[in-house]
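Chains, contacts and geometry: an overview
Here is how the chains run, residue by residue.
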Amino acid sequence: MELPEHISIDLLKNGHGSKLSVSAAAHARIAHNRSYLDNILKNGKTYYGINTGFGSLCNVRIKDNELSQLQENLVCSHACGMGDEVPAEIVRLMLLLKVHGLSQGYSGVRPEIVERLAAFYDHDILPVVYELGSLGASGDLAPLAHLCLPLFGKGEVSYKGKKMPAAEALKTAGLAPITLAAKEGLALLNGTQFMSAYATWSLIQSKRLLLWADVIGALSADAFMAKDEPFQHPIHRVRPHKGQINTARRILKLLQGSDIQKLPKEQVQDPYSFRCMPQVHGATADVVDTVTHVVETEINSVTDNPIVFHDEDAIMSGGNFHGQPLALHADFLAIAMAELANISERRTYLLVSGQRGLPPFLAPQAGLNSGFMIAQYTAAAIVSQNKQYCTPASVDSIVSSNGQEDHVSMGANAATKLRRVVQNVQRVLAIELLTAAQALDLRRPNTSSPALEKVWTAFRKTADFMPHDEVLHDKLIAAELFLNNDPGTYIDFL
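Given the structure is predicted, the values throughout are model-derived calculations rather than measurements.

A word on the sheet that holds strand β5 (residues 162-165). Strand order in the open sheet made by the three strands is β2-β4-β5, with antiparallel pairing throughout. Because the sheet does not close on itself, it has two edges, and the strands there are β2 (125-127) and β5. Going across the sheet, the axis of each strand differs from the next one's by a mean of 35 degrees, ignoring polarity. Sheet topology places strand β4 (residues 156-159) next to β5; four bridges connect them, and they run antiparallel. Within the sheet, the bridge partner assigned to Glu-156 lies in β5 and is Pro-165. Together, β2, β4 and β5 form the strand contacts of helix α7 (residues 166-173), whose direction differs from that of β5 by roughly 105 degrees.

If you look at the biggest cluster of nonpolar residues, it comprises 155 residues, and the most contacted ones within it are Leu-188 and Met-337. Per-element accounting of this core gives the leading share, 18 residues, to helix α9 (residues 193-223). Once you skip the residues sitting within four places of it in the chain, Leu-188 turns out to touch Lys-98, Leu-102, Ile-113, Leu-117, Leu-144, Cys-148, Leu-151 and Leu-180.

Below, the discussion takes up the pattern of salt bridges. Considering all chains together, one arrives at 25 salt bridges under this definition. One salt bridge in this structure joins Arg-61 and Asp-64, with 3.8 Å as the shortest N-O distance. For Asp-64, a relative accessible area of 56% puts it in the exposed group. Among the salt bridges present, the one from Arg-356 reaches Asp-270, with a minimum N-O distance of 2.7 Å. Remark: Asp-270 occurs in the loop between α12 (259-262) and α13 (272-275) and Arg-356 occurs in the loop between α15 (324-351) and α16 (373-389); sequence separation between them is 86 residues. The class for Arg-356 is partly exposed, based on a relative accessible area of 26%. In the salt-bridge network here, residues are joined through shared partners; they are Asp-441, Arg-444, Glu-453 and Arg-460.

By the secondary structure assignment, Arg-110 is in the loop between α4 (88-102) and α5 (111-122). Here the side chain of Arg-110 touches Glu-184 through a polar contact of 2.7 Å, side chain to side chain. Residues contacting Arg-110, with those up to four places away along its chain left out, are Ile-30, Arg-34, Ile-178, Thr-179, Leu-180, Ala-181 and Glu-184.

Tracing the backbone shows Phe-224 in the loop between α9 and α10 (233-237). On the basis of relative accessible area, Phe-224 is assigned to the buried category, the value being 0%. When neighbours within four sequence positions are excluded, Phe-224 is seen to be in contact with Pro-271, Phe-274, Leu-350, Leu-351, Gln-355, Arg-356 and Arg-443.

The omega torsion of the bond from Asn-305 to Pro-306 falls at -10 degrees, within 30 degrees of zero and hence cis. Here Pro-306 lies in the loop between α14 (277-299) and β6 (307-309). Following Arg-444, the chain continues into Pro-445 via a peptide bond in cis, with omega recorded as 15 degrees. Mapped onto the elements, Pro-445 comes out in the loop between α17 (411-442) and α18 (450-460).

Let us look at the packing of aromatic side chains. Summed over the entire model, instances satisfying the criterion amount to seven aromatic pairs. When the centroid spacing of 5.6 Å and the interplanar angle of 50 degrees are considered together, the rings of Trp-212 and Phe-482 count as tilted. Note that Trp-212 is positioned in helix α9 and Phe-482 in helix α19 (residues 473-482), a separation of 270 residues in sequence. The same class applies to Trp-212 as to Phe-482, namely buried. Relative to Tyr-490, the ring of Trp-212 lies with its centre 6.2 Å away and its plane at 45 degrees, an arrangement referred to as tilted. One end of the pair, Trp-212, is in helix α9; the other, Tyr-490, is in the segment after α19, with 278 residues separating them in the sequence. We classify Trp-212 as buried; its relative accessible area is 0%. For Tyr-490, a relative accessible area of 14% translates into the label buried.

Let us look at helix α11 (residues 242-255). Residues that lie three or four places apart on an α-helix share one face, since the helix turns once every 3.6 residues. Here α11 spans 20 Å end to end across 14 residues, near enough to the 20 Å set by a 1.5 Å rise per residue. Those residues of α11 that fall on the buried side of the exposure criterion are Gly-243, Gln-244, Ile-245, Thr-247, Ala-248, Ile-251, Leu-254 and Leu-255. Close packing links the buried residues of α11 with α9, α10, α12, α14 and α18. A positive phi of about 90 degrees marks Gly-257, the residue just after α11.

Reading the values: the criteria
Residues numbered from 1 in each chain as written. Predicted model: local features only at pLDDT ≥ 70, side-chain atom pairs only at ≥ 80, totals over all residues. Heavy atoms only, no water. Pairing = 2+ DSSP bridges. Helix = DSSP H or I, 4+ residues; strand = E, 2+ residues; numbered from the N terminus. Axes fitted to C-alpha atoms, helices over the stretch in contact; angles between N-to-C directions. Contact = heavy atoms within 4.5 Å. Core = buried A, V, L, I, M, F, W, Y, C linked by side-chain atoms within 4.5 Å. Buried < 20%, exposed > 50% of the residue type's maximum accessible area, 1.4 Å probe, protein only. Salt bridge = Lys/Arg side-chain N within 4 Å of Asp/Glu carboxyl O. Polar contact = N/O pair within 3.5 Å; in protein donor to acceptor, adjacent residues only side chain to side chain. Phe/Tyr/Trp six-rings, centres within 6.5 Å; stacked < 30°, edge-to-face > 60°. Expected span 1.5 Å × (residues − 1).

The structure is reproduced here in structure tokens:
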């Protein structure tokens, strides 16, 4: 596909195709901007990173015949990432976002650089990138260096799923290495595409898990014999947060037609983990909306440095590579999503507590069987780990580059741990789904709503009722994988 002028999270969520091309308009912008840079370099002036050293070496003037070597040296010297390899799906997003950023036409690169990155995307040539190494300011230097090494045949890639030297992959794909020109190495390394890719992935998953949290919470509400009164509109009309109103409306609709809701209830009120789902889930939904706006702004921006303004006849050094907006909002999203897991684990705890006519730990022969006792332990361990991950990275900073880079965002650390939080949220929701389905079975012949029964039926094809103890791990993994599906697959009004 040709990238649109503006990329939205929903576009990426709905799939962006396997092919990526640079539009004629973007090609013209990039070429015009590069032509301006080539002409201005002839005037003999000094421009940071174009004909000078980098960071605290910015006052060292580089000879014209060494500018290409300067750029390749930059990429090689900055390719010093460590830790786990970045997952393929994140690397693909990095490539796409880098192509889109350079296509804005303010980075001073040649069109062939952008087209080659698009070719990597198309040919499934995914550079091997490492999680650790970015401070989230001056751009994601180390990760983006690894992303761009293969342009000139260095580094490693995963080519069609097989790891190999980049030079070998280029030869197999019929692509020749490209020699970098002035400014290009810097344009490739400066930028926030590592942080942005992780944030984008996390938002896509968060939007899906938000819906699942409402569906599973509603299923648990019926399984626990909770009332639907807390979801009635007048309560939320007088405290009209958008997320709260939408969550209450959705849960009420999910419960519509439930026979269990028609049964008399002995309790006056339900615990907060049931009664306050609109307030808690809804607050997370509002954060997701806020973070979506920030991330969409970021991925449609120019975040390298210096920026080549051909219209203003200027090359300006600034700080658009500083990841503070992403760092703060990645931390915010991690906290908000962790709350979905926190409240979910509390519902699981109540479902296995032996209350409201349910057997202890949902075991038909409790005592002989332990049922879901330790599944709740697992959920508790995961939410505790999430709380540790939610210590904000964005309040941290450390001096680098001999003091030239004296405040950094730590947005890369915020973004990578955000992904772990989101993965953990799915695991905790999976445990709740498994316990809610078991509890609902124990309520038979009473039934839930048509919408929730449809989810229950689909889930039971993946993980069946547990009449006695068995290795529960397998069911937990099956439930986790089930949540990879869009809930709209089963419920059309979501």
